[in-house]
Amino acid sequence: MSESSIQDDVLGELGHDRLTEIASLLGTDENGAKETVATTVGAMTGGLQQQAAADGDDGNEVRQAFAEVAEPPLQGVATLGGGLLGGGLMAGVLAKVSKPVAAAVSKKTGIPAPTVARVIELLIPVLLAVFAKRAADTGSPGSTGAPGNTASGTTPGAAPGAAPASGGGLGDLLGQILGGGKK
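The structure contained in this document is the topic of the report that follows.

What counts and how
Think of each chain on its own: its residues are numbered from 1, step by step along the sequence as written. Note on the predicted model: pLDDT of at least 70 is required for a residue's local features to be given, and 80 or more for side-chain atom pairs to be given and counted; whole-chain, interface and lining totals, by contrast, use all residues. As a rule here, side-chain values cover all heavy atoms of the structure and leave hydrogens and water aside. Salt bridges are defined by distance alone: a side-chain nitrogen of Lys or Arg within 4 Å of a carboxyl oxygen of Asp or Glu. Secondary structure elements are taken from DSSP: a helix is a run of H or I of four residues or more, a strand is a run of E of two residues or more, and numbering for both begins at the N terminus. With a 1.4 Å probe rolled over the protein chains alone, any residue whose accessible area is under 20% of its type maximum counts as buried; one over 50% counts as exposed, and the rest are partly exposed. By convention, a stacked pair of Phe, Tyr or Trp rings (six-membered ring in the case of Trp) has centres within 6.5 Å and planes under 30 degrees apart, an edge-to-face pair has planes over 60 apart, and any other such pair is tilted. Here, expected helix span is obtained from the residue count minus one, scaled by 1.5 Å. Only the stretch in contact is used when fitting a helix axis, every axis being a line fitted to C-alpha atoms; angles between N-to-C directions are given from 0 to 180 degrees. Throughout, the term roughly parallel applies to angles under 35 degrees, roughly antiparallel to angles over 145, roughly perpendicular to angles from 65 to 115, and oblique to all others. For a crossing to be left-handed, the near helix must be turned anticlockwise from the far one by less than a right angle; the clockwise case is right-handed. The contact criterion used throughout is that any non-hydrogen atoms of two residues lie within 4.5 Å. The nonpolar class holds Ala, Val, Leu, Ile, Met, Phe, Trp, Tyr, Cys and Pro. Asp, Glu, Lys and Arg form the charged class, and all remaining residues, Gly among them, are polar.

1. Here we look at the pattern of salt bridges
On inspection of all chains with the given rule, the structure shows 4 salt bridges. Here Asp9 ties to Arg134 by a salt bridge, and the two come within 2.8 Å at their closest N and O atoms. A residue pair is termed long-range when its members are at least 10 positions apart, and Asp9 in helix H1 (residues 6-26) and Arg134 in helix H5 (residues 113-139) qualify at 125 residues. For Arg134, a relative accessible area of 3% puts it in the buried group. Close ionic contact of Glu30 with Lys34 constitutes a salt bridge, the shortest N to O distance being 3.8 Å. Placement of the pair is Glu30 and Lys34 together in helix H2 (residues 30-53), with a separation of 4 residues, close to one helical turn.

2. Description of the packing of aromatic side chains
Centre-to-centre distance and the angle between the planes together describe a pair of aromatic rings. By the definition in use, this model includes 1 aromatic pair. Centre to centre, the rings of Phe66 and Phe131 are 5.5 Å apart; their planes meet at 50°, and the pair counts as tilted. Linking Phe66 in helix H3 (residues 57-70) with Phe131 in helix H5, this pair joins segments that are 65 residues apart in sequence. Taking relative accessible area as the criterion, Phe131 reaches 0% and is therefore assigned buried.

3. Section: H3
Here H3 spans 20 Å end to end across 14 residues, near enough to the 20 Å set by a 1.5 Å rise per residue. Where H3 is concerned, the buried positions are Gly59, Glu61, Val62, Arg63, Ala65, Phe66, Ala67 and Val69.

4. Focus on H2
Look at H2: 34 Å from first C-alpha to last across 24 residues, which is about the 34 Å you get at 1.5 Å a residue. The set of residues buried in H2 consists of Gly32, Ala33, Thr36, Val37, Thr40, Val41, Met44, Thr45, Gly47, Leu48 and Ala52.

5. A word on the packing of H3 against helix H4 (residues 88-109)
Remark: H3 packs on H4, axes separated minimally by 8 Å, with the N-to-C direction vectors making an angle of 140°. Taken as axis vectors, H3 and H4 run oblique relative to one another. Every pair of crossing elements has a handedness; the one defined by H3 and H4 is left-handed. Contact residues: Glu61, Val62, Gln64, Ala65, Phe66, Glu68 and Val69 in H3; Gly88, Leu89, Met90, Val93 and Lys96 in H4.

6. Some details on the environment of Val126
Note that Val126 resides in helix H5. For the pair formed by Val126 and Leu14, sequence separation is 112 residues and the distance between their alpha carbons is 6.6 Å. With residues near it in sequence (within four places) discarded, Val126 still touches Val10, Glu13, Leu14 and Arg18.

7. Some points on the packing of H2 against H4
Running from N to C, H2 and H4 point in directions that differ by 130°, and their axes come no closer than 9 Å. Taken together, the axes of H2 and H4 lie oblique to each other. When you trace H2 past H4, the crossing you get is right-handed. Of the residues in H4, those touching H2 at Thr39, Thr40, Ala43, Met44, Leu48 and Gln51 are Val93, Leu94, Val97, Val101, Val105, Lys108 and Thr109. When its residues are assigned to classes, the contact of H2 with H4 shows 8 nonpolar, 4 polar and 1 charged.

8. Brief notes about the side chain of Thr115
With respect to the helices and strands, the residue Thr115 is situated in helix H5. Classification of Thr115 by relative accessible area gives buried; the value is 11%. Not counting chain neighbours up to four residues away, the residues in contact with Thr115 comprise Leu25 and Leu26.

Okay, structure coming up:
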């Protein structure tokens, strides 16, 4: 009955083949790769939570990235621009936190920082997929009566930059995406 952690979701999304690739990169077995992935994902999501809580440009950028992840996927011709599948703002945010995270994970595990950085490169698309799935799970099922399934109280057509201004709703969404559970 317990909700899965973000680490569990990432490991599930990785699948056996990519986990084997990470194990090979690290020179370890599958269990060693799982531990490193869990440590790395924990450090990345912790870093994102800290940045999202911060004032200033970095905090605004992270909150904007999560608002973008929470937007329903574009349909039809509008999807040609890439959107979340192309990475969007969140991919840039994850890339920015990757260097300090690689250093922190390296210090904690003894794995060289460049090797951890390569693992992070493999994890970024997986994290994007997990964030999108968690955001979709938080917004859609319970909000059938309301126009536009927005858990954060933003208007469906609003610009992504408008969402961070709303306080509690986006904070709840961040907690649900980065935290372990979905309420």
